[in-house]
Amino acid sequence: MVKMSLDPVQVVGAQVKELKVAPSSNGDSRGSWEEKQKFNSQECLNSSKPKSVTGRQTRKVEGGMFFPRPEHAVTVAVSTRVLFRTEKEQKVFEQQGVEEYLRYQIEHENEPFAPGPALPFIKALETVNARLRDLYPQSEELFDIVLVTYNHAHVGVRLINTINHHNLFIERFCMTGGSSPIGYLKAWHTDLYLSADAHKVREALAEGIAAATMFMAEKQTEVSESQLRVAFDGDAVLFSDESERIFKAHGLDKFFEHERDNEDTLLDHGPLKGFLEALGKLQKKFYAKGHRMDCPIRTFLVTARSAASSGIRALKTLRAWGLEIDEALFLAGAPKGPMLEKIRPHIYFDDQMFHVEGAAEMGTIAAHVPYGVAQHHSSRKGPATDK
């Protein structure tokens with residue numbers, strides 16, 4: 001029998017260990033899979049919510065419910081284990097097995113799961129959607145959220161009840177019953193995939209899908225309820241790891257020399273460039289209506305690069321791409337945690353666990369992007385690099 005792991009989202013403390021999970025988890029663990037051409041109607045479905053739940057964000061269109069088509073929306077796919085916490089269920093599965101686990105879920109289906117690290121981020125996406133609908137009632141350019149889970153369909157009732165309890169607008173489900181969801185992400189036109197499983201995140205990145213592994217901070221800073229705030233590292237996140245490779249191979253002096261010599265040469269794109277692009281597209285819709293100063297989306301570049309020595313290339317690259325960053329912080333190797341504590345982003349993306357740990361220690365919800373040369377070098381407890 002294939003063993004199923006239901007490990008909860010790992011809490012980031014003084015040391016972060018990579019999640020190691022077995023096939024078939026309730027959120028997103030390793031498992032063999034075959035990419036399917038069509039959705040299985042019993043596994044991937046659009047769930048229906050009771051009409052009694054308040055705060056519905058759909059609108060009526062010719063007598064039916066309106067949902068944006070995935071190809072027009074900014075689609076964020078999120079796993080169960082980053083949206084909710086499932087520690088009790090993990091113990092039931094480990095101690096009593098899968099059948100008792102399913103029985104437990106059914107018996108407790110009216111008890112909502114506690115919030116996970118992604119829930120404030122998803123709430124912020126919905127806040128932006130509400131503002132967009134006010135300005136553009138007919139537009140399909142909205143955030144569209146898909147819950148992607150390894151769970152069996154029997155757990156679906158509890159998930160729907162939990163979503164209604166937290167007043168979330170998540171109608172699209174993909175419940176794979178133990179098989180990998182990666183093959184479905186492209187079908188959803190996914191712009192960002194958030195998971196607790198580093199293996200599945202790497203698979204998504206290999207397929208060209210922006211993805212990151214989320215971690216729960218030991219303490220959690222309060223975040224804005226009226227503005228989505230997203231912070232990005234530069235190299236190997238928004239940009240390629242070209243410059244990081246120079247640093248790793250030849251040291252800091254060669255890195256500075258390389259950046260000066262290539263000041264007018266654009267950096268290649270990194271794995272999350274497309275997601276920043278999607279955010280910028282929605283920002284411009286607010287700007288067009290005169291809402292630049294009170295835009296409900298704000299973006300940040302938080303990089304260990306030095307401004308005068310290596311920052312100009314990054315800024316010229318963003319400008320050439322037609323992308324705007326609202327705030328750029330060049331820290332010249334200083335710790336990122338204190339700056340992120342002031343920014344209070346809903347999510348911060350970095351390719352180095354050293355910086356993810358530092359952010360989490362200060363209360364920031366951080367997400368690791370396992371991409372680039374830094375993944376071959378241990379960053380834990382090591383010095384910050386100039387990037």
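Residues numbered from 1 in each chain as written. Predicted model: local features only at pLDDT ≥ 70, side-chain atom pairs only at ≥ 80, totals over all residues. Heavy atoms only, no water.

A.B. asks: Describe in detail the pattern of salt bridges, supporting the description with residues and values.
C.D. replies: Evaluation of the coordinates by the stated rule reveals 20 salt bridges. Its salt-bridge partner being Lys186, residue Glu207 comes within 3.4 Å of it at the nearest N-O pair. Of the two residues, Glu207 sits in the loop between helix 7 (198–206) and strand 11 (211–217) while Lys186 sits in the loop between helix 6 (182–185) and strand 10 (190–195), which places them 21 residues apart along the sequence. Lys186 gets classed as partly exposed once you look at its relative accessible area, which sits at 45%. Via salt bridges that share partners, Asp235, Glu242, Glu259, Arg305 and Arg313 belong to a single interconnected network. (Salt bridge = Lys/Arg side-chain N within 4 Å of Asp/Glu carboxyl O. Helix = DSSP H or I, 4+ residues; strand = E, 2+ residues; numbered from the N terminus. Buried < 20%, exposed > 50% of the residue type's maximum accessible area, 1.4 Å probe, protein only.)

A.B. asks: Outline the side chain of Thr80, listing residues and values.
C.D. replies: Relative to the elements of secondary structure, Thr80 occurs in helix 1 (residues 80–83). Looking at Thr80, its side chain comes within polar contact range of the side chain of Thr149, at 3.0 Å. (Polar contact = N/O pair within 3.5 Å; in protein donor to acceptor, adjacent residues only side chain to side chain.)

A.B. asks: Tell me about the environment of Glu87, residues and numbers included.
C.D. replies: Inspection of the secondary structure puts Glu87 in helix 2 (residues 87–96). For the pair formed by Glu87 and Phe113, sequence separation is 26 residues and the distance between their alpha carbons is 9.6 Å.

A.B. asks: How would you sum up the nonpolar core? Please name residues and give values.
C.D. replies: Counting residues in each nonpolar core, the largest one holds 82 residues, and the members touching the most others are Phe121, Ile122, Leu228, Phe232, Phe275 and Phe349. Apart from residues no more than four positions distant in its own chain, Phe275 is found in contact with Val74, Val76, Phe121, Asp191, Leu192, Val230, Phe232 and Phe349. Phe300, Leu329, Met353 and Val356 belong to the second largest nonpolar core, which has 13 residues in total. (Core = buried A, V, L, I, M, F, W, Y, C linked by side-chain atoms within 4.5 Å. Contact = heavy atoms within 4.5 Å.)

A.B. asks: Which residues make up unusual backbone geometry, and what values go with them?
C.D. replies: Backbone geometry places Asn167, a non-glycine residue, at a positive phi of 55 degrees. Mapping Asn167 onto the fold places it in the loop between helix 5 (156–165) and strand 9 (172–175). For Asn167, a relative accessible area of 30% puts it in the partly exposed group. A positive phi angle, close to 55 degrees, is found at Arg344, a residue other than glycine.

A.B. asks: Got a sec to walk through the pairing of strand 10? Specific residues and values, please.
C.D. replies: Counted residue by residue, strand 10 has five buried out of six residues, so it is predominantly covered. Pairing of strand 5 (residues 74–79) with strand 10 involves four bridges; the strand directions are parallel. Counterpart to Ala77 in the pairing with strand 10 is Tyr193. Direction of pairing for strand 10 relative to strand 11: parallel, over a ladder of three bridges. Pairing of Tyr193 across the sheet is with Ala211, part of strand 11. (Pairing = 2+ DSSP bridges.)

A.B. asks: I'd like to hear about the confidence of the model for the chain, residue by residue, with values.
C.D. replies: When the pLDDT values of the chain are averaged, the result is 80; 80% of them are 70 or greater. Overall, residues 1–11 carries pLDDT values under 50, and its contacts beyond four positions in sequence, including any with other chains, amount to 52 contacts. Here residues 378–387 is a poorly scored stretch, pLDDT under 50, and it has 38 contacts once near neighbours within four places are set aside; other chains count. (pLDDT = per-residue confidence, 0-100.)

A.B. asks: Outline the pairing of strand 12 (residues 228–232), supporting the account with residue identities and numerical values.
C.D. replies: For strand 12, a buried count of five out of five residues is recorded, marking the element as mostly surrounded by other parts of the structure. Burial along strand 12 is two-sided: Leu228, Val230 and Phe232 and Arg229 and Ala231, pointing in opposite directions, are all buried. Taken together, the five bridges between strand 12 and strand 13 (residues 297–303) define a ladder with parallel strand orientation. Counterpart to Arg229 in the pairing with strand 13 is Arg298. Bridge count between strand 12 and strand 15 (residues 347–350): three bridges; the pairing is parallel.

A.B. asks: An account of helix 3 (residues 98–107) is requested, with residue identities and associated values reported.
C.D. replies: For helix 3, the set of buried residues is Tyr101, Leu102, Tyr104 and Gln105. Angularly, the buried residues of helix 3 cover 160 degrees about the axis, an arc narrow enough to put them on a single face. Away from its buried face, by an angle of more than 90 degrees, helix 3 presents the exposed residues Glu99 and Glu107. Against the buried residues of helix 3 lie helix 2 and helix 5. (Arc of directions from axis to C-beta.)

A.B. asks: Any chance you could break down the packing of aromatic side chains for me, citing the residues and the numbers?
C.D. replies: Tallied over the entire structure, the rule returns five aromatic pairs. Look at Phe239 and Trp321: their rings are 5.7 Å apart centre to centre, the planes differ by 45 degrees, and that puts the pair in the tilted class. With Phe239 in the loop between strand 12 and helix 8 (242–250) and Trp321 in the loop between helix 11 (307–320) and strand 14 (327–330), the pair connects residues that are 82 residues apart, well separated along the chain. According to the relative accessible area criterion, Trp321 is buried, its value standing at 18%. (Phe/Tyr/Trp six-rings, centres within 6.5 Å; stacked < 30°, edge-to-face > 60°.)

A.B. asks: Give a detailed account of the packing of helix 8 against helix 9 (residues 252–261), specifying residues and quantitative values.
C.D. replies: Contact geometry of helix 8 with helix 9 gives a least axis separation of 7 Å together with a crossing angle of 145 degrees. Between helix 8 and helix 9 lies a crossing of right-handed hand. Each of Glu242, Ser243, Ile246, Phe247 and His250 in helix 8 lies in contact with helix 9, whose residues at this interface are Leu252, Lys254, Phe255, His258 and Glu259. (Axes fitted to C-alpha atoms, helices over the stretch in contact; angles between N-to-C directions. Left-handed = near helix turned anticlockwise from the far one by under 90°.)

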